[in-house]
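# Understanding the architecture of this molecule
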There are 2 protein chains.
Amino acid sequence: MLPVVVVHGGAGSVPKERSAGARQGVCAAARAGYVVLQGGGSSMDAVVEAVTQLENNSMFNAGCGSVLNIKGEVEMDALVMDGQTLASGAVVAVRNIANPIQLSRLVMEKTSHVCLATQGANQFAESMCVPQVQPESLITDYARMRWRQNLVPDTTPVEQQVGKMGTVGAVAVDVHGNVACATSTGGIPNKMEGRVGDTPCIGCGGYADNSVGAVSTTGEGEAIMKVTLARLVLFYMERGQSAEAGSDAALAYMKSRVEGLGGVVTVDPRGHWAARFSTAQMSWAAVQEDTLHCGVEVGEHLTQNIN
Amino acid sequence: MLPVVVVHGGAGSVPKERSAGARQGVCAAARAGYVVLQGGGSSMDAVVEAVTQLENNSMFNAGCGSVLNIKGEVEMDALVMDGQTLASGAVVAVRNIANPIQLSRLVMEKTSHVCLATQGANQFAESMCVPQVQPESLITDYARMRWRQNLVPDTTPVEQQVGKMGTVGAVAVDVHGNVACATSTGGIPNKMEGRVGDTPCIGCGGYADNSVGAVSTTGEGEAIMKVTLARLVLFYMERGQSAEAGSDAALAYMKSRVEGLGGVVTVDPRGHWAARFSTAQMSWAAVQEDTLHCGVEVGEHLTQNIN
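Residues numbered from 1 in each chain as written. Chains lettered and ligands numbered in written order. Predicted model: local features only at pLDDT ≥ 70, side-chain atom pairs only at ≥ 80, totals over all residues. Heavy atoms only, no water.

Chain A is annotated in an unreviewed UniProt entry as Isoaspartyl peptidase/L-asparaginase from Tetraodon nigroviridis. What UniProt records for chain A under Sequence similarities (unreviewed entry) is the sentence "Belongs to the Ntn-hydrolase family." (UniProt positions renumbered as here; feature names shortened; annotations may be inferred.)

Here's what the structure looks like:
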C-alpha cells in the first residue's frame, strides 16, 4: 500500500462554473506529488510540490488567486510539518511571495523558529533569495470581483461562505512510511488586515506525526482553530479509529460543538487515506498504486488508471 | 472546591537574584485574579486580570519587561480562550501595547476573527481606542542587558536558555464551573523579527474547554508547538487522568519526543488544579478556598492563609 498523496482544493461551496477547473487542478497536483514519491522523494517533497502546483493555479485561494483582505490586498498563511521529527515551518500574513508553502519549508529548515509573521517573513525570504513578486501578480479578476461584492453592505452570508473556501493542502506517505502535511491559503475574503486563520497554526491547519498519520484541513478557519481540528483527527486515530472514521468523527464534533463546517485529507503511516468533508463540496484527489481518485460532490469518488 | 486561579510566571531557570521578585509577582497576580472571582467575575475576567498584573510587572517576560528581538525591539504574543464557547482571541508580534492580553480579549469579543498579527493588531487596537505606548516604556534595563549579551557571537546556550523563559499565564474556574486560560509573552530573546512562538497558537500556548479543563503553557516554544502541549494535557485528562497526572504525562511526552522542557498550569472544571514543570524552576501561585499556594523550585509548595 504505502506511498500515497492526497490533496484538497478547499471545502465549501464550489460554484458550478468552477467545478471542472477545481477538479482538474487537484488531480494535476496529486499526480505531481506522486511523481515526486515515485522518484524517491520524501513525503515532505511531495506535499510541497503538490501545494506549489495549487498555489500556482489561479483557480484556488492560495498563492495566485488568493482572496483579498478588506483593503484589497493579498495576505497569505502557510504551514508544513514533518511527521518524522515533528519539525514544522509556517508563515503568517505574508505578502508578495508566489509560493508561501516553500517559504514555510525554509522557515523549518533554515531557522531555529517555527513561524514568522508579516514583514519578518518577507525579510527572511529576502535573506534566502526568495524573489518578491509584484502584488498584482497574485490578484485575479475573480478575486477582485468578489472583494468588491463583499464591500456592499448587504452582502449575503451565502456569498461570504462561498468566498471563504478554497484553502489548499496535501498529505503524503513515502516509501519509508514517513508522513508530512502542507496547507496554504489566502484566508477569508475581506478579512481584517493581519487576520490569521487556522492554516499556519500547528494542530489546526495541519499536523503530521509518523506514529499516527497526517492531516491537512480546510473550511471555516475560526471553527477549525477552536477545536484544533487536525490534531483532533489524529487523537481519534490514536484511540484506534481509521483515517476515515477519525476524520468523520472530528468533523462531526466541530459541527456539533461550534457549528463549524470543513474538510480534511488524512493519511495513516501505512498508506490508508481519506478525503472527508461536512460542507456542500470539497475538491480533492489522491494517487496510490497508479490509480487516481477524485471528487467534488458528497459521495462522489471517481477513479482512473494513470498508467 | 470550585473557584480557583492558578498562574505561572514562566518555566525555565529563574536566577537566584530574581527568585523572590518572581514569587511575589505570581502571588500578587493569583490573589488579584481570585478577588475577581470572589466579586462574582467570570473565569475569563479572572485570568485577564491576573495576566494583566504580570504584564505590568517588569520582572516577567510579557508586557513591560519583555525580551527584545534581534533588532532590540519588543514584539509580543498573547492568547485568551473561553471554555464555555471555545471562543478565543490572540495577537501576534504586536508592538507598543501595554497589555496584549486585553487586546486579545477584544479580538475575541469585537471581531469575527480569532487572531490578528503585527500592524493589523495595532490598527485594531487603535479602532478600539486602546492607547499605543512608547516602545521604550516596555523595555527594562535587564532586557536590554540580556539583548546585548546575546549579540556576542560566543553566547553560551545557558544564557540563551535563561533568557528564553518568563512567559506568563493563568487558568481559572469560576463559581459556575466555567474555565478560561490566558497566556502572554515577549517570546525568546534576540528572536528574528516576526517570530511567532507557541503562546498565541490555540492548543499550544493554551486551551480551555468546559468539558475537560484549561491549560496555560510556558517553556521552549518551538517544542510546545510541535506537540500542541496544552491540547495534549487535556487529551490525557479526557482519557481519565487527573489535572496533575495529565500535565506530567504531556510534559514527559514533550521531553521524550522532541527533547523539549516546559511547564503548565492546569485546572479541571470542578476546581482540581496543578502547576507542573520539567525545567529547573517555574514560578507559580494558586488561590483556592482562602489559601494561597506558591513555589519556584522543584517540589516546593508553600501555603498561606490569606484571610
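The next thing to look at is the overall build of chain A. Helices and strands together make up the secondary structure of chain A, namely nine helices and 14 strands. Relative to the compact-globule value of 19 Å for 307 residues, chain A shows a C-alpha radius of gyration of 17 Å, a close match. Once the C-alpha set of chain A is aligned to its principal axes, its extents read approximately 50 × 45 × 40 Å. The buried share of chain A, reckoned over its 307 residues, is 66%. Surface summary for chain A: the accessible area is close to 10300 Å², and the carbon and sulfur share equals 50%. Of note, chain A has its 21 positive side-chain charges centred 4 Å away from the centre of its 29 negative side-chain charges. (Helix = DSSP H or I, 4+ residues; strand = E, 2+ residues; numbered from the N terminus. Rg over C-alpha atoms; globule rule 2.2 N^0.38 Å. Buried < 20%, exposed > 50% of the residue type's maximum accessible area, 1.4 Å probe, protein only. Areas by Shrake-Rupley, 256 points an atom, 1.4 Å probe, with all protein chains shown as cover. Lys, Arg positive; Asp, Glu negative; His and termini not counted. Charge placed at Lys NZ, Arg CZ, Asp CG, Glu CD.)

Overlay of chain A on chain B (RMSD 0.0 Å): rotation 180°, translation along the axis 0.0 Å. Here the copies are linked by what is in effect a two-fold axis. Considering only C-alpha atoms, the part of chain A nearest the rotation axis is A:Cys201, at 3.0 Å. Most of the interface of chain A is mirrored in chain B, where 100% of its interface residues are also at the interface. (Least-squares fit on C-alpha atoms with pLDDT ≥ 70 in both. Contact = heavy atoms within 4.5 Å.)

Glancing now at the pattern of salt bridges. For the structure on display, the rule yields 25 salt bridges over all chains. A:Arg95 is paired through a salt bridge with A:Glu193; the nearest N and O atoms lie 3.0 Å apart. Highlighted residues: A:Arg95 in the loop between β3 (88–94) and α3 (100–110) and A:Glu193 in the loop between β6 (179–185) and β7 (195–196), separated in sequence by 98 residues. For B:Asp209, the salt bridge identified is with A:Arg257, shortest N-O distance 2.6 Å. Taken together, the residues span two chains, with B:Asp209 in strand β8 (residues 206–209) and A:Arg257 in helix α9 (residues 243–258). We classify B:Asp209 as buried; its relative accessible area is 0%. For A:Arg257, a relative accessible area of 24% corresponds to the partly exposed category. Linked through salt bridges whose partners overlap, the residues forming this network are A:Lys71, A:Glu73, A:Glu75, A:Arg95 and A:Glu193. (Salt bridge = Lys/Arg side-chain N within 4 Å of Asp/Glu carboxyl O.)

Another aspect to go through is the interface of chain A and chain B. In this assembly, 47 residues from chain A lie in contact with 47 residues from chain B. Contact between chain A and chain B buries roughly 3600 Å² in total, counting both sides, with carbon and sulfur atoms accounting for 59%. At the boundary of chain A and chain B, one finds four salt bridges. Residue B:Arg239 pairs with A:Glu238 through a salt bridge whose shortest N-O separation is 3.7 Å. There are 19 residue pairs in polar contact (both at pLDDT 80 or more) connecting chain A and chain B. Every element with two or more residues in the side of chain A that touches chain B is listed here: β4 (115–117), α4 (118–127), β7, β8 (206–209), α7 (221–227), α8 (229–238) and α9 of chain A. If one sorts the elements of the side of chain A that touches chain B by residue count, α4(A) sits on top with five residues. Looking at side-chain class alone, the side of chain A that touches chain B contains 22 nonpolar, 14 polar and eleven charged residues. (Buried area = accessible area lost by both parts, 1.4 Å probe. Polar contact = N/O pair within 3.5 Å; in protein donor to acceptor, adjacent residues only side chain to side chain. Nonpolar A, V, L, I, M, F, W, Y, C, P; charged D, E, K, R; others polar.)

Residue and element names in this part refer to chain A. Under the local residue numbering, the UniProt record ascribes the feature "active site" (unreviewed entry) to Thr167. Its location among the elements puts Thr167 in the loop between α6 (157–164) and β5 (168–173). Residues contacting Thr167, with those up to four places away along its chain left out, are His8, Gly9, Gly10, Asn61, Thr183, Ser184, Thr185, Thr199, Thr217 and Thr218.

In this section: the UniProt feature "binding site: substrate" (unreviewed entry) in chain A. Residue and element names in this part refer to chain A. According to UniProt, the feature "binding site: substrate" (unreviewed entry) maps to Arg195, Val196, Gly197, Asp198, Thr218, Gly219, Glu220 and Gly221 in the numbering used here. Of note, Arg195 is situated in strand β7. Mapped onto the elements of the fold, Gly219 is located in strand β9 (residues 213–219).

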